[in-house]
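Listed below are the residues making up each chain.
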Amino acid sequence: MTTELPKAYDPALIEEKWARYWVEQRLFDVATPTGEAAARNTFTQLLPPPNVTGRLHMGHMLNQTEMDILTRWHRMMGETSLWVPGTDHAGIATQMMVERLLAAEGKTTRRELGREAFITRVKQWKEEYGGAITEQMRRLGASVDWSREYYTMDENLNVAVREAFIRLYEQGLIYRGAYIVNWDPQIQTAVSDLEVESEERAGHLFHVRYDLADGTGSITIATTRPETMLGDTAVAVNPTDERYTAFVGKSLTLPLSATGGKPGREIPVLADDWANPEFGTGAVKVTPAHDPNDFAIGKRHGLPAPLIMDAEARIDLPDSPYHGLDRFEARQRIVADLDAAGYLVKVEDHTLTLPISQRTGAVIEPRLSLQWFLAVNKEPAGATTTPAADSSGRGPNSVAARAVAAVRSPTNPDGPIKFTPEMYSKTFHLWMDNIYDWCISRQLWWGHRIPAWHCGACAHINVAREAPPACTACGSTTLEQETDVLDTWFSSALLPFTAFGWDGSGTLTADLAAFYPTELLVTGFDILFFWVARMIMLGTHLMTDVPLPNGSRRTLADTVPFRNVYIHALVRDANREKMSKTKGNVIDPIGIVEKYGTDAVRFTLASQASPGTDIAFSEARTEGNRAFANKIWNAARFLHMQIERGREAGYTVTLRLHDSFALELPEHTPLETRWIFARLGAVSAEVARALEAYRFDEAASAIYQFFWGEFCDWYLELVKLRLVFPAAVEPDAADAVTAIPAELNDVTELTLGALVTVFEAALRLLSPFMPFLTEELWHALYSQVDAAEPPAKSIALTRYPQAADFAGDAASAAAMTTLQELIVTVRALRKDLAVPEKEPAPIQIAAVPAIAALALANADMLARMARVASVEVVPQTPTGANARATGSFDVAVVYERQIDVAAERERLEKDIAKFTKGLLAAEKQLGSESFLAKAPAHIVDGLKKQSEETRSLREKAEAALASLPVA
RNA sequence: GGGCGGUUAGCUCAGUUGGUUAGAGCGCCUGCCUUACAAGCAGGAUGUCGGGGGUUCGAGUCCCUCACUGCCCA
């Protein structure tokens, strides 16, 4: 059965079909290798889990394209190539989405529904809609192992999260404490520092007078947040600030605090270095419960820290006239009242930097609250090595210290984890050097609940796997489970081992034995700290207990979650603007895919994915790459036609898949076929080199250049010379077949075989980049050649082309290059001479005997490619307007038509100027003693040779110019 | 304020440890509907490599400095 290829390439007709086929046939499922096979011929990657609520964006598509290219490449290189997909339960995002849903449908709230029912509702939502983003992944052809798909709220994750928590708690690394956290009043939870962005906004600096309690004077403070004065417990001035020295130790009466006949509250004036004499008035109010810096001051001076706002950031002081007001409303009222009471000294315009919640966009309210933290710099209890804290005071076995040791950098060359581009390791270390404890609790309902029970009697915290029957401290049975859940990133930090069955027991599962550490993590810079750093911290800490397959204890290098991290660029819009919903410049990858096809978009992303540079996504380039796909499509149609003709002429067309054919070419193999195999080998080597270095752009460009610039533009045109089928020679003649020499027949058959062999190999080369197109054409090709089944269920399961698969033939490659140069020169000359395109013209060539012979021997090639009527070798260099000189030959086109003298003059003068410039530079260097003495011989020789050549070219150009008629 | 990048053709970007006359795609100009492909073919134009200084026989590449620009952290 043969497959008819439609005339035009239409990705819509093929992509969905193959996407479905790959999933249904489970082609990329990986069985756990055991025994010998487990001995590390694996390539394993973990998909950075997209939020289950998410929709695919360009960043995902870039990430997945890169991961898929590598996965497919390693698979085709014969490795056990495993790519594990999954999704993240995304605590805040998911909870918000379901809350919005509830509001929209039934006008109920989470609280009205209750915790249990709400969670059930979230799970329902996930069942129904949570697959959207993985559906999109399937559409993109991601060659993942769907049988291993994870979800960070899966039951096994729950067990693992609990075990990890308990372990860290028992080691004294998890603790609970009252600290200032970033409070998001919209969703009413603490968020980590990483989840806070800062934004500059226009605001005011309010100068407020605080009077001394003894009435002897006043201090004016400056604040951007006057509403927090309700919680002031001091005013601080710098100890070196002479303006205020006399005030230190005295008491101030807090303005507006005298209410209902009660006297105003008194607060002390403190000396503290934090007060900046340069800023504002040099005196700052101190609100320990609502500002991180003030909190630190409060700690230093033992100040009380009264909370003045509730979880929604409304004033929460029942006795105050501001009770119940939103913080911004309270600000206005308080400023008005201060003004009315004469305390407001002045108001300045001031640009302030506001902390904004990344998830909700709400202004963060720093708030004192009880939270759970992971101590990152602390030595774990029971650590085996003696703590010898470094200068930073960080324990050598602390999670941060191990993570730092794990990442390779110029200062840490033995680190087992290598970052690409390397510069990110600097960023990583810089961040790690300043890291502080990670707030891991969230006041949400959706997430892994913290396994702790508070004793109602003695307040002891019981951390346990299951609800304990009684308090372990006092025996009371009044226990209440902690309501907080864990930060989403806590569970995703465990993924590199939970994905392979880690349950906290220290058991080495077969999957862990085979796949941990994973080989590579491909991700964006944005989650370097959120996720990458935390995986490294928890992996290097928790995996120490799991033995190696040989039973020995893991060293640092075996505990790391991955050995390589490739950080890719950000995809921006065509104008290099960051894509954002508010700007409305978000490019939906699915829309682009529908317009141009997945293959074209993948190829575009790959070809622009140069490390360290952001990608300005270009639709024009995508269009160009769709044209590339179309080009290949049409090359396939050409092949099919030739195979059909061959069959009609009685040939058997055999597709000899990477067997000896490409390596041992028969003696009568024509030049162009020797050349194309040599090129195929060289390109295969280049692609391998590029992919090893994550140079997707170079790999893509090498393949593009080969497929279009060499295979299509040259080889396909040249084989038309060879594919002379008996019926095609003289369709009417009865003796057509006998008119063809047997030798020529051999060449036809050989060329037909070479053509399909090269094309099939080129498809394999392209396949990781354009999996759909190549799958379609590969199957179609097998249906066209002799009836045998394809050697695999998919091109993705075949061998990747490698340099050693093809005959290298340097002599043929060089000869071909010379002929190409000759053809291009003749074409250009013909154009200058305005020879009509279809009119053949003779040429004259002067060159060394080998090149002259080459031209004569390949006159047929010249005829086909450059309409050369005949080749005449002449002893003397042709000069004049119809001649050109190159380093290898001089050639003239014999044609009488007058040329454009002015244009020719201009061209020659330009050439001469260029040659002269080059010559001058070369002569200057060659005339320098020190150059001759110090430069390596091959540079000197090369320059000499080149300058001789340039001199000769310049002479010829001058002669040509002189021979031009005077204008 | 601290840190890390970037500045190369009209646009988007390559350019390995310094080495011969700096490349690609897109766009642009000219001519072709050549039976695989007009989503194509052939030919062509275009750069004081951000400015200045230095090291070197030799600098787009290394160093200093300035300018502009982006990102991260305060």
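Relevant structure appears above.
Everything quoted here is computed from the prediction, not taken from an experiment.

Chemist: Any chance you could explain the overall build of chain A here in plain terms?
Modeler: Across its full length, chain A holds 32 helices and 29 strands. In terms of overall size, chain A is more extended than a compact globule, its C-alpha atoms giving a radius of gyration of 38 Å where 967 residues would be expected to give roughly 30 Å. Expressed as lengths along the three principal axes of its C-alpha atoms, the size of chain A is roughly 120 × 70 × 60 Å. Looking at the 967 residues of chain A, the share that counts as buried comes to 54%. A sequence separation of at least 24 residues applies to 76% of the contacts in chain A between residues at least 6 apart. Carbon and sulfur atoms make up 52% of the accessible area of chain A, which amounts to about 41700 Å² in all. In chain A, 95 side chains carry a positive charge and 124 a negative one; their mean positions are 1 Å apart.

Chemist: For this particular structure, what's the right way to read the packing of aromatic side chains?
Modeler: When we look at a pair of aromatic rings, we describe it by the centre distance and by the angle of the planes. This model, assessed by the stated rule, comprises 38 aromatic pairs. Ring geometry for Phe 603 and Phe 628: centres 5.3 Å apart, planes at 45 degrees, overall tilted. Pair noted here: Phe 603 is in helix α19 (residues 598–608) and Phe 628 is in helix α20 (residues 619–648), with a separation of 25 residues, a long-range link. Assessed through its relative accessible area of 1%, Phe 603 is described here as buried. Three or more aromatic residues link up through ring pairs in this structure, and these residues are Phe 603, Phe 628, Tyr 704, Phe 707, Trp 708, Phe 711, Tyr 715, Phe 759 and Phe 769.

Chemist: Explanation requested: the packing of helix α12 (residues 423–433) against helix α16 (residues 528–542) in the structure shown.
Modeler: Two numbers describe a pair of packed helices, the interaxial angle and the distance between the axes. Following both chains from N to C, one finds α12 and α16 inclined at 80 degrees, their axes separated by 12 Å at the closest point. One way to sum up the angle between α12 and α16 is to call them roughly perpendicular. The residues of α16 that touch α12, namely those facing Tyr 424, Thr 427, Phe 428, Trp 431 and Met 432, are Leu 528, Phe 529, Ala 533, Ile 536 and Met 537. Tallied by class, residues from the contact of α12 with α16 come to 9 nonpolar, 1 polar and no charged.

Chemist: It is not clear to me how helix α32 (residues 937–963) should be interpreted in this structure. Could you clarify?
Modeler: An α-helical segment advances 3.6 residues per turn. Residues three or four places apart therefore align on the same side. Here α32 spans 39 Å end to end across 27 residues, near enough to the 39 Å set by a 1.5 Å rise per residue. Regarding α32, the residues found buried are Val 940, Leu 943, Ser 947, Thr 950, Leu 953, Ala 957, Ala 960 and Leu 961. Close packing links the buried residues of α32 with β28 (883–885), α30 (901–926) and α31 (929–934).

Chemist: Can you walk me through the pairing of strand β29 (residues 889–893) in this structure?
Modeler: Residues in a regular strand project their side chains so that they alternate between the two faces of the sheet. Burial within β29 is extensive, with 5 of its 5 residues counted as buried. Alternating positions in β29 separate into two faces, Phe 889, Val 891 and Val 893 on one and Asp 890 and Ala 892 on the other, with burial throughout. Here 5 bridges tie strand β26 (residues 841–847) to β29, and the two strands are oriented antiparallel to one another. Bridging across to β29, Gln 844 finds its partner in Ala 892. Bridge analysis of β28 against β29 gives 3 bridges, and the strand direction is antiparallel. Considered in β29, the bridge of Ala 883 is made with Ala 892. Between β28 and β29, which pair antiparallel and follow one another directly, the connecting turn spans 3 residues.

Chemist: Even after reading the chapter, I still don't get the pairing of strand β1 (residues 42–46), so can you show me in this structure?
Modeler: Counting buried residues along β1, 5 of its 5 residues qualify, which places the element largely inside the surrounding structure. Residues Thr 42, Thr 44 and Leu 46 of β1 are buried on one face, and the alternating residues Phe 43 and Gln 45, pointing to the opposite face, are buried as well. Strand direction decides the pairing type here: β1 and strand β2 (residues 80–84), joined by 5 bridges, are parallel. Bridging across to β2, Thr 44 finds its partner in Leu 82. Note that the unit made of β1, helix α3 (residues 58–76) and β2 has a crossover that is right-handed.

Chemist: What am I meant to see in the environment of Asp 599 here?
Modeler: Within the element layout of this structure, Asp 599 appears in helix α19. Each C-alpha atom of the pair Asp 599 and Ala 117 lies 44 Å from the other, and the pair is 482 residues apart in sequence. Once residues lying within four places of it in the same chain are set aside, the contact partners of Asp 599 are Tyr 9, Glu 15, Phe 769, Met 770, Pro 771, Phe 772 and Leu 773.

Chemist: Is there a simple way to explain the pattern of salt bridges in this structure?
Modeler: Two side chains of opposite charge can pair, provided their charged atoms sit close to one another. Using the criterion set out here, one finds 39 salt bridges in the structure. Linking Arg 167 and Asp 545 is a salt bridge whose minimum nitrogen-to-oxygen distance equals 2.8 Å. Note that Arg 167 is positioned in helix α8 (residues 155–170) and Asp 545 in the loop between α16 and α17 (556–559), a separation of 378 residues in sequence. Taking the shortest distance from any N to any O, the salt bridge between Arg 327 and Glu 365 comes out at 3.1 Å. A residue pair is termed long-range when its members are at least 10 positions apart, and Arg 327 in helix α10 (residues 327–340) and Glu 365 in strand β14 (residues 365–374) qualify at 38 residues.

Chemist: Which parts of the structure should I look at to understand the side chain of Lys 285?
Modeler: Position of Lys 285 among the secondary structure elements: in strand β12 (residues 283–286). Residue class for Lys 285 comes out buried when judged on its relative accessible area of 6%. A polar contact is formed between the side chain of Lys 285 and the side chain of Thr 228, at a distance of 2.6 Å. With residues up to four places along the chain from it excluded, the contact list for Lys 285 reads Tyr 210, Ile 221, Thr 223, Arg 225, Thr 228, Met 229, Asp 232, Ala 234, Val 235 and Asp 294.

Chemist: What is the right way to read the sheet that holds strand β19 (residues 461–463) from this model?
Modeler: Backbone hydrogen bonds hold the strands of a sheet together, and the pairing may be parallel or antiparallel. The 3 strands lie next to each other as β19-β18-β20, forming an open sheet whose pairing is antiparallel. The sheet is open, and its two edges are formed by β19 and β20 (479–481), each paired on a single side. Going across the sheet, the axis of each strand differs from the next one's by a mean of 30 degrees, ignoring polarity.

Chemist: Looking at this structure, I do not really get unusual backbone geometry. What am I missing?
Modeler: In terms of backbone geometry, most residues other than glycine have negative phi values and most peptide bonds are trans. Cis geometry is adopted by the peptide bond preceding Pro 421, which originates at Thr 420 and carries an omega value of -10 degrees. As for its position among the elements, Pro 421 is in the loop between β15 (418–420) and α12. Residue Tyr 516 is joined to Pro 517 through a cis peptide bond whose omega torsion reads -5 degrees. Note on placement: Pro 517 falls in the loop between α15 (510–515) and β22 (518–524). Phi is positive for Ala 459, which is not a glycine, with a value near 70 degrees.

Chemist: Please explain the sheet that holds β28 as it appears in this structure.
Modeler: Spatial ordering of the open sheet is given by β27-β26-β29-β28, a layout of 4 strands whose pairing is mixed. For this open sheet the edge positions go to β27 (868–873) and β28, each flanked by a neighbour on one side alone. Across the sheet, the mean angle from the axis of one strand to that of its neighbour is 20 degrees, orientation sign disregarded. Helix-sheet contacts for helix α27 (residues 810–832) involve β26, β27, β28 and β29, and the interaxial angle to β29 is about 35 degrees. Of the strands in this sheet, β26 and β27 are in contact with helix α29 (residues 859–866), which crosses β27 at around 135 degrees.

Chemist: Would you mind going over the nonpolar core with me for this structure?
Modeler: Generally speaking, a soluble globular protein has its nonpolar side chains buried in company with each other. With 136 residues, the main nonpolar core has Phe 707, Phe 711, Phe 759 and Phe 769 as its most contacted residues. Ranked by the residues each element gives to this core, the list is headed by helix α23 (residues 696–722), at 14 residues. Sequence-distant contacts of Phe 711, defined by excluding residues within four places in its chain, comprise Ala 635, Leu 639, Ile 676, Phe 706, Leu 716, Leu 755, Val 758 and Phe 759. The next biggest cluster of nonpolar side chains, apart from the first, holds 69 residues, and it includes Val 463, Phe 490, Tyr 516 and Met 543.

Chemist: Honestly, the environment of Glu 365 in this entry has me stumped. Any pointers?
Modeler: Residue classification places Glu 365 among the buried positions, given a relative accessible area of 1%. Between the C-alpha atoms of Glu 365 and Asn 182, which are 183 residues apart in sequence, the distance is 6.2 Å. Leaving out residues up to four positions away in the same chain, Glu 365 has contacts with Val 181, Asn 182, Trp 183, Pro 185, Arg 225, His 290, Met 309 and Arg 327. Separated by 3.3 Å, the side chains of Glu 365 and His 290 make a polar contact. In this structure the side chain of Glu 365 is engaged in a polar contact, spanning 3.1 Å, whose partner is the side chain of Arg 327.

Chemist: I would appreciate a short explanation of the packing of α3 against α19 in the present structure.
Modeler: Contact pair α3 / α19: the axes reach a minimum separation of 9 Å and the direction vectors enclose 90 degrees. Comparing their axes, α19 and α3 come out roughly perpendicular. Of α19, the residues touching α3 (which contributes Met 58, Met 61, Leu 62, Thr 65, Asp 68, Ile 69 and Arg 72) are Thr 598, Val 601, Arg 602, Leu 605 and Ala 606. Here the contact of α3 with α19 is built from residues that sort into 7 nonpolar, 2 polar and 3 charged.

Chemist: I'm lost on the environment of Thr 360 in this one. Help?
Modeler: Mapped onto the secondary structure, Thr 360 falls in the loop between β13 (344–357) and β14. With 233 residues separating them in the primary sequence, Thr 360 and Val 593 have C-alpha atoms 30 Å apart. Contact partners of Thr 360, with chain neighbours within four places excluded, come to Met 96, Asp 184, Gln 186 and Ile 187. In terms of polar contacts, Thr 360 uses its side chain to reach the side chain of Ser 357, at 3.4 Å. Polar contacts involving the side chain of Thr 360 include one to the main-chain amide nitrogen of Ala 362, which spans 3.2 Å.

Cut-offs and rules
Residues numbered from 1 in each chain as written. Chains lettered and ligands numbered in written order. Predicted model: local features only at pLDDT ≥ 70, side-chain atom pairs only at ≥ 80, totals over all residues. Heavy atoms only, no water. Helix = DSSP H or I, 4+ residues; strand = E, 2+ residues; numbered from the N terminus. Rg over C-alpha atoms; globule rule 2.2 N^0.38 Å. Buried < 20%, exposed > 50% of the residue type's maximum accessible area, 1.4 Å probe, protein only. Contact = heavy atoms within 4.5 Å. Areas by Shrake-Rupley, 256 points an atom, 1.4 Å probe, with all protein chains shown as cover. Lys, Arg positive; Asp, Glu negative; His and termini not counted. Charge placed at Lys NZ, Arg CZ, Asp CG, Glu CD. Phe/Tyr/Trp six-rings, centres within 6.5 Å; stacked < 30°, edge-to-face > 60°. Axes fitted to C-alpha atoms, helices over the stretch in contact; angles between N-to-C directions. Parallel < 35°, antiparallel > 145°, perpendicular 65-115°, else oblique. Nonpolar A, V, L, I, M, F, W, Y, C, P; charged D, E, K, R; others polar. Expected span 1.5 Å × (residues − 1). Pairing = 2+ DSSP bridges. Right-handed = clockwise from strand over helix to strand, strands pointing away. Salt bridge = Lys/Arg side-chain N within 4 Å of Asp/Glu carboxyl O. Polar contact = N/O pair within 3.5 Å; in protein donor to acceptor, adjacent residues only side chain to side chain. Core = buried A, V, L, I, M, F, W, Y, C linked by side-chain atoms within 4.5 Å.

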